[in-house]
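What follows is each chain in one-letter form.
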Amino acid sequence: MADTINVTADGLPAGPPEPEHELPKMSFLDHLEELRRRLIISIIALGVGFLVCWGFADRIFMQMEKPLSKWLPKGDHLAYTRLTAPFFLYMKVAFFAGIFIAAPVILLQIWLFISPGLYKRERRWAAPFIIGASLMFILGGWFGFAIILPGTCKFFVELGKDFKQVVTVDDYFSFASMIVLSAGLIFETPILIFFLARLGIVTPAFLIKKMKFAIVGAFIVAAIITPTPDMVTQTALALPMIGLYLLGVGIAYLFGKKREAA
C-alpha cells in the first residue's frame, strides 16, 4: 500500500508537520548569560526579602527560640560570647526569613531558565510549579520548625540535664535554621516527582523499584545536611523524606503519563 501524501490547499505536496516547538539555538556563553541574569534577579529578590525582615529580626528570632526555651530550666536563657554577636545574629535571621519571602521569585527564575528546553504544552505548568513549590517549601519549613525542632531540642536538653547548659545564640540559630531550611527543601520532593512523571521521565514502577535506594539516600542526605552527627536529628529528617517519596509514587500513579514522541 502506498504511503498517504499530504497536500496543501493548492494541490501541492505538503512538507513534514512542523515540530511543536524548536529548541532555541543558544551557545554555551548564551546559557551562561541567561544563568547570570536569573542569578542576579534572585539575589535582588533575596536582598528585598532581607530588608523587609530586618526590622522584625528580633521578633522572628524570639519565635525561633521557643522550641528550645520551653525545655530549658527555669531562668535559663540563650547566651552570647562576643559583643557583636546579637547584631550579626539578627542579620542572619533577616536573611534566613528573606529566603521564604523571595522563594516564589527564585522558583520563577528557575522555571524561566529551564522553560526554553520544554515543549509548548509543558510550559503551561509554570503557575502550578511556582505556586506548588512555594507552598511546599513554606509547609516544609513549618514542619521543621513545629514538629522536628521541638522534639530534637527536648531530646538534647534532657540528655544534658546533669550539666550546666550554656547554649549560645549562634549555635542554636545554626542548628534551627539548618533543620527548617532542610525540611523546606525536602518537601519539594513530591513537586519534583510530579513534573518528572508528567514529562514521562519517571513512572510509579520505576520509583517503587528504586525504593531501597531512596531509603538509603534519605539517610545519607539527612546525615549531610544536619548540623550534628546524632542519629536522632538525622532520623527525624530522613523519615519525612521517605514519606514524601512514597507520596510522590502515588502522585506519579495519579498524574504521570508517558511523554509523547517528538
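Before any of the text, the structure's been laid out above.
How each quantity is defined
- Residues numbered from 1 in each chain as written.
- Predicted model: local features only at pLDDT ≥ 70, side-chain atom pairs only at ≥ 80, totals over all residues.
- Heavy atoms only, no water.
- Helix = DSSP H or I, 4+ residues; strand = E, 2+ residues; numbered from the N terminus.
- Buried < 20%, exposed > 50% of the residue type's maximum accessible area, 1.4 Å probe, protein only.
- Contact = heavy atoms within 4.5 Å.
- Areas by Shrake-Rupley, 256 points an atom, 1.4 Å probe, with all protein chains shown as cover.
- Patch = residues over 30% accessible without salt bridge, like charges linked within 9 Å, V, L, I, M, F, W, Y side chains within 5 Å.
- Salt bridge = Lys/Arg side-chain N within 4 Å of Asp/Glu carboxyl O.
- Polar contact = N/O pair within 3.5 Å; in protein donor to acceptor, adjacent residues only side chain to side chain.

Further remarks concern the overall build of the protein. Looking only at helices and strands, the protein features ten helices and zero strands. What you see in the protein, going N to C, is helices and strands ordered as α-α-α-α-α-α-α-α-α-α. Buried residues in the protein amount to 37% of all 262 residues. Of all intrachain contacts in the protein linking residues separated by at least 6 positions in sequence, the fraction that spans at least 24 positions is 82%. Total accessible area on the protein stands at roughly 16300 Å², and carbon and sulfur atoms take up 71% of it.

Attention shifts here to a nonpolar patch on the surface. On the surface, Leu 29, Leu 32, Leu 35, Leu 39, Ile 43, Ile 110, Phe 113 and Ile 114 cluster together into a nonpolar patch covering about 710 Å² of accessible area. With respect to the secondary-structure elements, Ile 114 resides in helix H4 (residues 85-114).

Moving on: the side chain of Thr 168. Considering the arrangement of structural elements, one finds Thr 168 in the loop between helix H5 (126-159) and helix H6 (169-186). Reaching out from Thr 168, the side chain makes a polar contact with the side chain of Asp 171 at a distance of 3.1 Å. With sequence-adjacent residues up to four places away left out, Thr 168 is seen in contact with Ala 79 and Thr 81.

To continue, consider helix H7 (residues 189-198). The element H7 is extensively covered by neighbouring structure, given that seven of its ten residues are classed as buried. Every buried residue of H7 is listed here: Pro 190, Ile 191, Ile 193, Phe 194, Phe 195, Ala 197 and Arg 198. Buried positions along H7 lie against H4, H5, H6, helix H8 (204-209) and helix H10 (231-255). Backbone geometry just after H7 places Gly 200 at a positive phi near 75°.

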